[in-house]
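# Structural description and commentary
These are the residues of each chain, in order.
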Amino acid sequence: MLNQYKFEDGMIKGVKINNSNTVEVTFCLWDDKLINIIFNNYYKLKDNNSINIDIGGIVISLESAFIDEARKDILDGNGSSEETQGLKHFSFISAWEDKALLEIIAHSVKVVEL
């Protein structure tokens, strides 16, 4: 789903955490087109002043220390091992520095064009 879009030279315009266990990221693509990236069944989020900063791309990882943290939190909170399966680490990487501006652990993602 995400590979259909070019995230380089785009910007995060907003991040919204919903009661429905989703995170919505409003993103402006390089051509000024707005999309909502909706992360379903999210467990963790780290934001490093991501709003209005140029993005170099999105990296998706199936294993990371951040995923390990989420798994531990799930199990420590009486969650099931099934909940820990299939987690993905989505990282929005700065265009100017090799660092993640926004990181989200979630099960799935979809994109809605605005």
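Check the entry above for the structure.
Below you will find a few notes about this structure. Note that the coordinates shown come from a computational prediction; the quantities given were computed from them, not determined experimentally. (Residues numbered from 1 in each chain as written. Predicted model: local features only at pLDDT ≥ 70, side-chain atom pairs only at ≥ 80, totals over all residues. Heavy atoms only, no water.)

Here we take up the pattern of salt bridges. Scanning all chains against the criterion turns up six salt bridges. For lysine 33, the salt bridge goes to glutamate 113, with nearest N and O atoms at 3.0 Å. Taken together, the residues span a long stretch of sequence, with lysine 33 in the loop between strand 2 (22-28) and strand 3 (34-47) and glutamate 113 in strand 6 (residues 100-113) at a distance of 80 residues. A relative accessible area of 32% places lysine 33 in the partly exposed class. Judged by its relative accessible area of 44%, glutamate 113 falls in the partly exposed class. Put simply, lysine 44 and glutamate 69 hold a salt bridge, and the shortest N to O gap is 3.8 Å. With lysine 44 in strand 3 and glutamate 69 in helix 1 (residues 65-76), this pair connects stretches of sequence that are 25 residues apart. In this structure lysine 44 comes out as buried when scored by relative accessible area, which is 18%. (Salt bridge = Lys/Arg side-chain N within 4 Å of Asp/Glu carboxyl O. Helix = DSSP H or I, 4+ residues; strand = E, 2+ residues; numbered from the N terminus. Buried < 20%, exposed > 50% of the residue type's maximum accessible area, 1.4 Å probe, protein only.)

With respect to topology, six strands assemble into a closed barrel ordered 1-2-3-6-5-4, the strand pairing being antiparallel. In this sheet, neighbouring strand axes are inclined to one another by 45° on average, regardless of whether the strands run parallel or antiparallel. Pairing geometry for strand 5 (residues 88-94) and strand 6, over six bridges, is antiparallel. Note on strand 6: the bridge partner recorded for lysine 88 is alanine 106. (Pairing = 2+ DSSP bridges. Axes fitted to C-alpha atoms, helices over the stretch in contact; angles between N-to-C directions.)

Time to look at the packing of aromatic side chains. Within the structure shown, the criterion is met by five aromatic pairs. Seen from their ring centres, tyrosine 5 and phenylalanine 7 are 6.3 Å apart, and the 50° between their planes marks the pair as tilted. Taking the relative accessible area as the measure of exposure, tyrosine 5 reaches 15% and is therefore buried. Overall, phenylalanine 7 belongs to the buried group, its relative accessible area being 5%. (Phe/Tyr/Trp six-rings, centres within 6.5 Å; stacked < 30°, edge-to-face > 60°.)

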